[in-house]
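# Residue-level structural notes
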Protein chains: 2
Amino acid sequence: MNVYIIGIGLIGGSMSLDIQSTYPEATIYGIDVNDAHLEEALQRQLIHEKATIQNVQNADIVIVTIPVHASIKIIQEVLDTINDDALVIDAGSTKEKICYSIAAHPKRRNFLAAHPIAGTEFSGPSAAVKQLFDGKTNIICEVEKTAFSLQEKALEMFKNLGMRIRYMDPKSHDKHIAYVSHLSHISSFMLGKTVIEKEKNERDIFDLAGSGFASTVRLAKSSPTMWTPIFEQNKTNVIETLDEYIANLQEFKSLMLQDNFEGIYKEMENTNHLKKILKGIE
Amino acid sequence: MNVYIIGIGLIGGSMSLDIQSTYPEATIYGIDVNDAHLEEALQRQLIHEKATIQNVQNADIVIVTIPVHASIKIIQEVLDTINDDALVIDAGSTKEKICYSIAAHPKRRNFLAAHPIAGTEFSGPSAAVKQLFDGKTNIICEVEKTAFSLQEKALEMFKNLGMRIRYMDPKSHDKHIAYVSHLSHISSFMLGKTVIEKEKNERDIFDLAGSGFASTVRLAKSSPTMWTPIFEQNKTNVIETLDEYIANLQEFKSLMLQDNFEGIYKEMENTNHLKKILKGIE
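Here the structure is a predicted model, which is why all the values come from computation and not from measurement. (Residues numbered from 1 in each chain as written. Chains lettered and ligands numbered in written order. Predicted model: local features only at pLDDT ≥ 70, side-chain atom pairs only at ≥ 80, totals over all residues.)

Turning our eyes to something else, we now look at the overall build of chain A. Helix and strand counts for chain A come out as 11 helices and 8 strands. In terms of overall dimensions, chain A is globule-like: its C-alpha atoms have a radius of gyration of 21 Å, near the 19 Å expected for 282 residues. Projected onto its principal axes, the C-alpha positions of chain A cover 70 × 40 × 30 Å. Counting across all 282 residues of chain A, residues that qualify as buried make up 51%. In chain A, 73% of the contacts between residues at least 6 apart in sequence involve partners at least 24 apart. (Helix = DSSP H or I, 4+ residues; strand = E, 2+ residues; numbered from the N terminus. Rg over C-alpha atoms; globule rule 2.2 N^0.38 Å. Buried ≥ 20, exposed ≤ 12 C-beta atoms within 10 Å, placed from the backbone. Contact = placed C-beta atoms within 7 Å.)

Considering soluble globular proteins, one finds that nonpolar side chains tend to be buried as a cluster. In terms of nonpolar packing, the biggest core is built from 175 residues, with Val-62 of chain A together with Val-62 and Val-88 of chain B touching the most fellow members. Ignoring any residue separated from it by four or fewer positions in sequence, one finds Val-62 of chain A in contact with Tyr-4, Ile-6, Val-56, Val-78, Ile-82, Ala-86 and Val-88 of chain A. (Core = buried A, V, L, I, M, F, W, Y, C linked by C-beta atoms within 7 Å.)

Comparison of the two chain copies shows a relationship of rotation about an axis with a shift along it. Superposing chain B onto chain A requires a rotation of 180° together with a translation of 0.0 Å along the rotation axis, leaving an RMSD of 0.0 Å. Expressed as a symmetry operation, the mapping of one chain copy onto the other fits a two-fold axis. Distance from the rotation axis, computed per C-alpha, reaches its smallest value in chain B at Thr-216 of chain B: 2.2 Å. Mapped onto chain A, 100% of the interface residues of chain B are again interface residues, and the two copies thus contact each other with one and the same surface. (Least-squares fit on C-alpha atoms with pLDDT ≥ 70 in both.)

As a further point, take the sheet that holds strand β2 (residues 27-31) of chain A. Residue and element names in this part refer to chain A. With mixed pairing, the 8 strands of this open sheet are ordered in space as β3-β2-β1-β4-β5-β6-β7-β8. Among the strands making up the open sheet, the edge pair consists of β3 (49-50) and β8 (164-168). Note that strand β6 (residues 111-116) and strand β7 (residues 137-141) share 4 bridges and pair antiparallel. By the bridge assignment, Pro-116 is partnered in β7 with Asn-138. (Pairing = 2+ DSSP bridges.)

Contact with chain B, which involves 77 residues of that partner, is made by 78 residues of chain A. Sorting the residues of the side of chain B that touches chain A by element identifies β7 (137-141), α6 (170-199), α7 (211-216), α8 (224-233), α9 (235-257), α10 (261-271) and α11 (274-277) of chain B as the ones contributing at least two each. When residues in the side of chain B that touches chain A are grouped by element, the largest group, 20 residues, is from α6 of chain B.

Another aspect to go through is the pairing of β7 of chain A. All names here are of chain A. Of all 5 residues making up β7, 4 are buried, and the element is well covered by its neighbours. Both β7 and β8 contribute to a ladder of 5 bridges, which runs parallel. Within β8, the position partnered with Ile-139 by the bridge is Arg-166. Between β7 and its parallel partner β8, the chain crosses via helix α5 (residues 148-160), and the hand of that crossover is right-handed. (Right-handed = clockwise from strand over helix to strand, strands pointing away.)

Moving on, we come to unusual backbone geometry. Residues and elements named next belong to chain B. Of note, Gln-45 is a non-glycine position whose phi angle comes to about 60°, a positive value. Structurally, Gln-45 is set in the loop between α2 (35-43) and β3 (49-50). The exposed category is assigned to Gln-45, around which 11 C-beta atoms lie within 10 Å. Phi at Asp-259 takes a positive value of approximately 55°, unusual for a residue other than glycine. Of the residues examined, Asp-259 has 11 C-beta atoms within 10 Å and is grouped as exposed.

For the rest of this paragraph, the subject is the packing of helix α9 (residues 235-257) of chain A against helix α10 (residues 261-271) of chain A. Residues and elements named next belong to chain A. Contact geometry for α9 and α10: axes closest at 8 Å, N-to-C directions at 150°. As judged from the angle between their axes, α9 and α10 are roughly antiparallel. Judged by residue contacts, Phe-252, Leu-255 and Met-256 of α9 engage Gly-263, Ile-264 and Glu-267 from α10. For the contact of α9 with α10, the residue count by class is 4 nonpolar, 1 polar and 1 charged. (Axes fitted to C-alpha atoms, helices over the stretch in contact; angles between N-to-C directions. Parallel < 35°, antiparallel > 145°, perpendicular 65-115°, else oblique. Nonpolar A, V, L, I, M, F, W, Y, C, P; charged D, E, K, R; others polar.)

Moving on, we get to the confidence of the model for chain A. Here chain A averages 94 in pLDDT, and 97% of its residues register 70 or above. Taken over the whole predicted complex, pTM reads 0.92, whereas the ipTM for its chain interfaces reads 0.92. (pLDDT = per-residue confidence, 0-100.)

What follows deals with the environment of Lys-95 of chain A. Summarising the element assignment, Lys-95 of chain A is placed in the loop between β5 (87-90) and α4 (96-101). When the C-alpha atoms of Lys-95 of chain A and Pro-170 of chain A are compared, they prove to be 5.1 Å apart, with 75 residues separating the residues in sequence.

Glancing now at the domain arrangement of chain A. Interfaces are often sized by the accessible area lost when the parts come together. All names here are of chain A. When cut into domains, chain A gives domain 1 (2-169) and domain 2 (173-278). Between the C-alpha centres of domain 1 and domain 2 there is a distance of 30 Å. At the interface, 15 residues of domain 1 touch 16 residues of domain 2. Of the residues that constitute the side of domain 1 that touches domain 2, the class distribution is 5 nonpolar, 5 polar and 5 charged. (Domains from an automatic or database assignment.)

Turning next to the sheet that holds strand β8 (residues 164-168) of chain B. Residues and elements named next belong to chain B. The 8 strands lie next to each other as β3-β2-β1-β4-β5-β6-β7-β8, forming an open sheet whose pairing is mixed. Strands at the two margins of the open sheet, each flanked by one partner only, are β3 and β8. The pairing of strand β4 (residues 61-64) with strand β5 (residues 87-90) spans 4 bridges and is classified as parallel. Residue pairing in the sheet places Ile-61 in a bridge with Leu-87 of β5.

A few words on helix α6 (residues 170-199) of chain A. An ideal rise of 1.5 Å per residue puts 44 Å on 30 residues; α6 of chain A measures up with 41 Å between its terminal C-alpha atoms. The buried count for α6 of chain A comes to 22 of 30 residues, which makes it a mostly enclosed element. (Expected span 1.5 Å × (residues − 1).)

Rendered as structure tokens:
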């Protein structure tokens, strides 16, 4: 089995490690615009060989794990090049623009749109880890537009990686993921910015930060290269979440200005039941 | 050695566990307005005996770990009652109002104002864990106002608990801690609120949430009873941090509205160096 992974960083590299354990017969080819990353991926045994886009004509499976604006261009090229039985999977954090871009492609049925909800705040081949996807959710969009036999092939692979599947349409995916993922990246980046700006002349103040602060700003370490195109592609939904978040912060502030600390208490109490909701995803 | 712990929850209970290991001769007395908590603390061996405020006349050390508005009243009563050699320590997240409230007390020199930067999002006796304070920072305010021999006694105990000490004046403490702690609690609570509001009719959407979201809203599980008086006592500083945070979010939003994604990239890139700053506190 020839597996081509385009973009051999956190997601692509981690996927490769698990594919190597579950499909020992597979040969993993790496494609990346960053040659240093490819070399590192070889050294770390994330891939067996380097390759180029033209080589995907020999692929059984192509996995595209690059920033979402690049995906749109590359998936088109890949579909143009692959043979009729190859499966192409992406792993992008937005789904509407990508699905739309290949909707009319003659090889549309060779493509499966996926979004594994897995990752860390790190990036690049050095961030790849085994079993990153174990127990995680994989959102699949427009499953009915993928050929039956290739759906089956993909689902078997996801099962071997330990993932559970949720099916959604791309529009709903982008809307909901704006709330449960994209907004928390912005809240984290802006929290980090606020504290850095304030404390730039007093670096040792970070000495005072505890694990609570670290947890809240963890996502502010994420890759801007990965996240800028996500925000661009999901602009409308993300702005809606930002508006609601800012309104809630302003309401909290007015309660404080009015010395309405009973109101402040209720705000927190009402959110406390996240304890129950979040059980199992930490 | 008679140690009285007032408020036998996450902080008081965890402190008790470590004091029991490092001072096996100590008898730990628990005082709490919640009798069910006291019973649980006895069962969990967080305390040896139940006690009341009047009993602190027999104390060598009194540790006050209750919400900061209650602290102000209780520390006064404790100082009125203790003998001349007793040490009284608090562990509150605000320091200015507490220090001010006992500034003129005849037993001011028996009191040491402390803020151990340690904790979890859980509360109550069941949240108490061993070695919670190991490697953590303890901020001590107005150390010069505590009697030498009692400073020494307190520092030895903090050392035995594994804590490193930072000295600050109460005003600076409250200002800086608003940024590195209080603001991240609000950002987390309001993020949780925003997502819950949006998704209330689609509970299974939380299925889509990954570890990134969980990390960012972790603090939204914190106790409203503990946090409401903190926000009340630190109102001015907290509102300042909120204003700056909201302004940064609004700026991020306008960059998006203007399709200035180069600007969005830079915003994230500039915050990325938190990676270095945060090393060691996670």
